[in-house]
Amino acid sequence: SNFMDHNDGLAPRISKIGLITGAVLHILPSLEKAVQFMPHNQRSLRVMRVEVSDSGQRIVGIKFPVTEEAIGRLMSGMREVANARQDSLGSPSFIDEPFSPIDE
């Protein structure tokens, strides 16, 4: 079924998820810390390929829970990573982009 909700007894194929894309290896420890206290079904980090329903664009990234708690913990962890890199390198070798929805 190509719907967001159950339709005629069929499971939905379209859903809203959080996906972190780009160079993510440097924030992987922050991602793991951000989800360690989440319920078990939201704790695993999985690599996913998704298709945006409006444009058909395919994106690969790490599935991440879209909760205020998880995003707050991730942002805190990313600040720690950025501060550590600035202290050790003098200038960061990467630029973190703010979270933004795909449909903008």
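Below you will find a few notes about this structure. Being a predicted model, the structure only gives us computed values, none of them experimental.

### Looking at the pairing of strand 3 (residues 58–64)
Summarising the sheet, strand 1 (residues 18–20) and strand 3 pair through three bridges and their orientation is antiparallel. Paired with L19 across the two strands is K63, which belongs to strand 3. Where strand 2 (residues 46–51) meets strand 3, six bridges bridge the pair, whose relative direction is antiparallel. Bridge pairing in strand 3 places E51 opposite R58.

### Concerning the sheet that holds strand 2
If you walk across this open sheet you meet the three strands as 1-3-2, and the pairing is antiparallel. With one partner strand each, in any of the chains shown, strand 1 and strand 2 form the two edges of the open sheet. Neighbour-to-neighbour, the strand axes of the sheet open up by a mean angle of 55°, direction not taken into account. The strands touched by helix 1 (residues 28–35) within the sheet are strand 1 and strand 3, with strand 3 carrying the most contacts at an inclination of about 50°.

### Observations concerning the nonpolar core
Core analysis: the largest hydrophobic core is formed by 12 residues, namely I20, V24, I27, L31, A34, V35, M38, I62, F64, A70, L74 and M78. Elements represented by at least two residues in this core include exactly helix 1, strand 3 and helix 3 (68–89). With residues near it in sequence (within four places) discarded, A34 still touches F64, A70, R73 and L74.

Criteria and cut-off values
Residues numbered from 1 in each chain as written. Predicted model: local features only at pLDDT ≥ 70, side-chain atom pairs only at ≥ 80, totals over all residues. Heavy atoms only, no water. Pairing = 2+ DSSP bridges. Helix = DSSP H or I, 4+ residues; strand = E, 2+ residues; numbered from the N terminus. Axes fitted to C-alpha atoms, helices over the stretch in contact; angles between N-to-C directions. Contact = heavy atoms within 4.5 Å. Core = buried A, V, L, I, M, F, W, Y, C linked by side-chain atoms within 4.5 Å. Buried < 20%, exposed > 50% of the residue type's maximum accessible area, 1.4 Å probe, protein only.

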